[in-house]
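The chain contents come next:
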Amino acid sequence: MFITIEGCEGSGKTSAIKELTKLLKKNHHKFILTREPGGPRISEDIRQIILDKRNTMMDKRTEALLYAASRRQHLVETVWPKLKEGYIVICDRYLDSSLAYQGGARNIGIDNVLKMNMFATEGTFPDLTFLLDIDPKIGLARINKNKQREVNRLDLESLNFHNRVRKSFLLLAKRYPKRFVVIDAKKSTELVCKEIYSTIKKRLKK
Ligand code: TYD
């Protein structure tokens, strides 16, 4: 099973994933937690270029292509081999982030970005996608409180940008109702994590 976790900045993805990892370990599931770039050096190098605060002149299609390139390398080196070995693969952000950020918020168009990503991923969609949904105003306030977290180029975008990201994520959830589970991320990490875990368990039984 290939599971992805998506959400706007400050949606509590990282904390929820940490808790989820503990639960999965406790219950002896065979899983790996990863994120793009998630290990491969090539993907890491690409990510450095994308998130570098100096790269303010980066064209939006260049950005979308770089995310797709990093995604592919991560699939080839990490996701596909692990799925083949029977692991549950949990990925912190994947395709839907590109559709929401580059397709929706940057206005390239969700379908244009999807087309490009079909080439990159050869049509590998997640089986299950959790969207941690939160009003970006609340999310960004959460981030600003957490001074340890490094601010990247996408964090520096306006509130308006992040509102478009959220709207796009919600649109995707409507478009793909079978794989999307929308979770109210205002809830405590514990509750969010419980909801994620119980859905995973149900799906594993199917
Ligand atoms: P990251 O440090 O991983 O942030 P987070 O903790 O929010 O996941 O930074 C990734 C940033 O890149 C984040 O702002 C979302 C953005 N992004 C895209 O715009 N498109 C993508 O395809 C992906 C994977 C991420």
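Use the structure listed above.
Everything in this summary refers to the structure shown in the same document. (Residues numbered from 1 in each chain as written. Predicted model: local features only at pLDDT ≥ 70, side-chain atom pairs only at ≥ 80, totals over all residues. Heavy atoms only, no water.)

Topic: the overall build of the protein chain
Our working rule: Secondary structure is summarised from DSSP: a helix means a run of H or I of at least four residues, a strand means a run of E of at least two, and numbering begins at the N terminus for each. It is over C-alpha atoms that the radius of gyration is taken, and the globule rule equals 2.2 Å times the number of residues to the power 0.38. Burial classification: accessible surface area is computed with a 1.4 Å probe over protein chains only, and a residue below 20% of its type maximum counts as buried, one above 50% as exposed, and the rest as partly exposed. Every residue pair with non-hydrogen atoms within 4.5 Å of one another is taken to be in contact. Note on areas: Shrake-Rupley with a 1.4 Å probe; residue coverage comes only from the protein chains shown. Charged residues are defined here as Lys and Arg on the positive side and Asp and Glu on the negative side; His and the ends of the chain fall outside this count. Charged groups are reduced to one reference atom each: NZ for lysine, CZ for arginine, CG for aspartic acid, CD for glutamic acid.
Secondary structure assignment for the protein chain yields eight helices and five strands. Listing the helices and strands of the protein chain from first to last along the sequence gives β-α-β-α-α-β-α-α-β-α-α-β-α. For 206 residues, the compact-globule estimate of 2.2 N^0.38 gives 17 Å, and the protein chain sits close to it at 16 Å. Projected onto the principal axes, the alpha-carbon positions of the protein chain cover approximately 45 × 35 × 35 Å. Within the protein chain, the proportion of its 206 residues that are buried is 50%. Residue pairs in contact within the protein chain that sit at least 24 positions apart in sequence constitute 79% of those at least 6 positions apart. If you sum the accessible surface of the protein chain, you get close to 10900 Å²; carbon and sulfur atoms cover 54% of it. Taken together, the 41 basic and 24 acidic charged side chains of the protein chain have centroids lying 4 Å from each other.

So, the nonpolar core
Selection rule: Nonpolar core, defined: a set of buried Ala, Val, Leu, Ile, Met, Phe, Trp, Tyr and Cys residues in which side-chain atoms within 4.5 Å join the residues together.
Counting 26 residues, the largest nonpolar core has Phe2, Leu99, Val165, Phe169, Leu172 and Phe180 as its most contacted members. Those elements that provide at least two residues to this core are α3 (60-84), β3 (88-92), α4 (95-105), α5 (110-121) and α7 (159-175). Filtering out sequence-adjacent residues up to four positions away, Leu99 remains in contact with Gly104, Ile110, Val113, Leu114 and Leu172. Among the nonpolar cores identified, the runner-up in size contains 21 residues, and Ile17, Ile183, Cys193 and Ile196 belong to it.

Here we look at the site of the ligand
Worth spelling out the cut-off: The nearness test applies per residue and asks whether one of its heavy atoms lies within 4 Å of the molecule or strand. The term polar contact refers here to a pair of N or O atoms within 3.5 Å; inside protein, the definition further demands a hydrogen-donor-capable atom paired with an acceptor-capable atom, and it admits residues adjacent in sequence only when both atoms are side-chain atoms. Only Asp, Glu, Lys and Arg are considered charged, only Ala, Val, Leu, Ile, Met, Phe, Trp, Tyr, Cys and Pro nonpolar, and every remaining residue, Gly among them, polar.
In the vicinity of the ligand, 16 residues are found, and the nearest of them are Tyr67, Arg71, Arg93, Ser98 and Gln102. In the environment of the ligand, an oxygen atom lies 2.9 Å from a nitrogen or oxygen atom belonging to the side chain of Lys13. Taken by itself the ligand offers 540 Å² of open surface, and the protein chains cover 90% of this. The biggest single contributor to the shell around the ligand is α4, with four residues. Residue classes in the shell around the ligand are distributed as four nonpolar, four polar and eight charged.

With respect to the packing of α4 against α7
In plain terms, the rule: Fitted lines through C-alpha atoms give the axes, limited to the stretch in contact for helices. The angle between two N-to-C directions lies from 0 to 180 degrees. Just so you know how the angles are binned, under 35 degrees is roughly parallel, over 145 roughly antiparallel, 65 to 115 roughly perpendicular, and the rest oblique. Crossings are classed by handedness, with left-handed meaning an anticlockwise turn of the near helix from the far one by less than a right angle and right-handed meaning a clockwise turn.
For the pair α4 and α7, interaxial distance at closest approach is 8 Å and the crossing angle is 125°. On the basis of their axis angle, the class for α4 and α7 is oblique. Crossing angle aside, the handedness with which α4 passes α7 is right-handed. On the side of α4, the interface is formed by Asp96, Ser97, Leu99, Ala100, Tyr101, Gly104 and Ala105, while α7 contributes Phe161, Arg164, Val165, Ser168, Phe169 and Leu172. Residue composition of the contact of α4 with α7, grouped by class: eight nonpolar, three polar and two charged.

Overview of the pairing of strand β4 (residues 128-133)
For the record, the criterion: When DSSP locates at least two bridges between a pair of strands, those strands are taken to pair.
Most of β4 is tucked away: six of the six residues are buried. Neither face of β4 is open: one carries Leu128, Phe130 and Leu132, the other Thr129, Leu131 and Asp133, and all of them are buried. The sheet contact formed by strand β1 (residues 2-7) and β4 spans five bridges and is parallel. Its bridge partner being in β4, Ile3 is matched across the sheet by Leu128. As paired elements, β4 and strand β5 (residues 180-184) share five bridges and run parallel to each other. Note that in β5 the partner of Leu131 across the bridge is Val182.

Purely geometric numbers; function is a separate question.
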